[in-house]
Amino acid sequence: MTAKNSATPLRRIAVRTSARVASTATPPQEGATAVSAGGATGPAASPPARGTLLAALGVIAFSLTFPSTVWGLESFGPWSLVALRSTLAALIAGYFLLARRVPLPERRHWAGLAVVAGGVVVGFPLLTSLALQSSTTSHAAVVVGLLPLTTAVFAAVRTGRRPSRTFWAAALAGAAVVIAFTLQQSGGALSAGDLYLFGALLVCAAGYTEGGRLARVMPGWQVIGWALLLCLPLMAVGSVVALRLEPVRLTAHGVIGLVWVAAGSTFFGLYVWYRGMAAIGIPKASQLQLAQPLLTLVWSVSLLGERLAPAAPVAAGAVLVCIAVTQRTRE
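Caption draft 1: Quick peek at the environment of V272. Within the fold, V272 resides in helix 11 (residues 252–280). Remark: the alpha-carbon pair of V272 and L54, spanning 218 residues in sequence, is separated by 5.1 Å. Residues within four places of V272 in sequence aside, it is in contact with L54, A55, L57 and G58.

Set out below in structure tokens:
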């Protein structure tokens, strides 16, 4: 009887000790879901080095978007290019979703997917294509370098999370640099291309914000995949109509540009970016994206033969400094 009674407290102590150990265990990082809807291991299975590599590949893919768009416009009109780009990317996404047997998202997620589709799949590509008809890629790269800050504003409004005063001071400084650069390059007044670019910032920031929210409940590649498929009927019809109304002059550059913006920027870039972001965390991944405007300036010179305005590298560097400050501040 005595031995039995003494064993009971020991078991209770062991249970309490195990509970304390479990409660103090390090919580999983955001996006560290073990199994996806398709039954495969999720992004969290990637080691940190691989996550960094994936996120870096995403940044490189995004930095080539503007030069590839300029090449694509050699063969297609802006409406044709956007419609074909989205249609091809949707077909690629549909293949992967079917191959993985991913079930349809819940009904409550479709409104958010529509925002992603309108901002990232349709709005940003269309507005930037229209802008690049009259604006250089180097100029557009500096303006769009404000995208992380614009996204932060949308995220603060959408999620209610408030960054520090230092964050907003750096954000306003970056906005001032971008506005001053665009006014200097356009002779003191905003051009139609600049208005397109600023519109692209707004719709893309809205799409990124809603996509980031949805990426907490489903893998990021599925977010962009379902957004693309949501646009497929409209973009397929738009491709047929636009190709009949706009001239088509097939060139090697034009075809390569179309293929890249569809498979590289729209699908592959977002796919590796979301996987890398889930593996290494949003703060580290966002630091890698600071190199995107400068990479685009390099591509515009090496691939398109553009001559940089003297103020472009200075403005790009100033914007990157402001963005770096925002990334290092605490909420």
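Caption draft 2: Spatial organisation of helix 7 (residues 147–159). Given a rise of 1.5 Å per residue, 13 residues ought to cover 18 Å, and the 18 Å separating the end C-alpha atoms of helix 7 matches this to within 8%. Along helix 7, the residues that are buried comprise L147, L149, T150, T151, A152 and A156. Just past helix 7, the residue G160 takes up positive phi, approximately 80°.

Caption draft 3: Here's a closer look at the packing of aromatic side chains. Applying the stated rule across the entire model yields four aromatic pairs. Measuring from centroid to centroid gives 6.5 Å for F66 and F124, while their planes differ by 20°, and the two rings are stacked. Placement of F66 in helix 3 (residues 65–72) and of F124 in helix 5 (residues 110–131) is noted, with a sequence separation of 58 residues between them. Like F124, F66 is buried. When the centroid spacing of 6.2 Å and the interplanar angle of 75° are considered together, the rings of W110 and W226 count as edge-to-face. With W110 in helix 5 and W226 in helix 10 (residues 220–245), this pair connects stretches of sequence that are 116 residues apart. In this structure an aromatic cluster arises from ring pairing among Y95, F96 and F267.

Reading guide: rules and limits
Residues numbered from 1 in each chain as written. Predicted model: local features only at pLDDT ≥ 70, side-chain atom pairs only at ≥ 80, totals over all residues. Heavy atoms only, no water. Helix = DSSP H or I, 4+ residues; strand = E, 2+ residues; numbered from the N terminus. Contact = heavy atoms within 4.5 Å. Expected span 1.5 Å × (residues − 1). Buried < 20%, exposed > 50% of the residue type's maximum accessible area, 1.4 Å probe, protein only. Phe/Tyr/Trp six-rings, centres within 6.5 Å; stacked < 30°, edge-to-face > 60°.

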